[in-house]
Amino acid sequence: MDGDPNTGFLVGETQTFPDGVYYDQYRIGGTSVSSPLFSGLMAVANQLDHFDHGFINPLLYQFTSRTRAINDVRHVTGGVVRVDYVNGVDASGGLTTSVRTFDFQGLTIQTAPGYDNVTGLGTPNGKAFLAATG
């Protein structure tokens, strides 16, 4: 699931702004995106297996690299440049840029083989994940 707010998803909705109400788009990521996406994946698993999996966490921690149900997220050196509106609404107030680094060595948490505090267990691997939940 895409939990990175720097890459995230482009979301559009009608919003209220200082000069009126109109449609706008913004980027969203993190738990606000990854949790509903994972819930959707579990809904698909429930339909395929014809039962409600309920509290799935204990099963997730039993998955290993042998099942290929979850891909371990590996260390990546690099980053992205993020551009945002200074005023949070539009470019009229100018733009601000920042560099977001990935897995920087100076951080207190980093990716590691298997479970880690940055990426958790990893990412579900499509059909292999659905097969393993059944």
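Here, the structure is the one placed above.
Description of the structure in this document.

So, how was this worked out
- Residues numbered from 1 in each chain as written.
- Predicted model: local features only at pLDDT ≥ 70, side-chain atom pairs only at ≥ 80, totals over all residues.
- Heavy atoms only, no water.
- 1 Å grid on protein atoms, 1.4 Å probe; cavity = no way out; pocket = protein on both sides within 12 Å on 5 of 7 lines; lining within 4 Å.
- Points joined across faces, edges and corners; volume = space filled by probe spheres on them.
- Helix = DSSP H or I, 4+ residues; strand = E, 2+ residues; numbered from the N terminus.
- Nonpolar A, V, L, I, M, F, W, Y, C, P; charged D, E, K, R; others polar.

**Examining the layout of surface pockets**
Taken as a whole, the largest pocket encloses approximately 1,100 Å³ of empty space. Considering the residues around the largest pocket, the lining is formed by 33 residues, among which M1, G3, V118, T119 and G120 are closest to the centre. Among the elements that make up the lining of the largest pocket, the one with the highest residue count is helix α1 (residues 31-49) (four residues). Here the residues of the lining of the largest pocket are counted per class, giving 15 nonpolar, 15 polar and three charged. The space that makes up the second largest pocket amounts to roughly 280 Å³. Q25, Y26, R27, D84 and Y85 are the residues nearest the centre of the second largest pocket, which is lined by 13 residues in total. Taken together, the elements giving at least two residues each to the lining of the second largest pocket come down to β1 (9-17), β2 (20-28) and β4 (78-85). Its residues assigned to classes, the lining of the second largest pocket shows six nonpolar, three polar and four charged.

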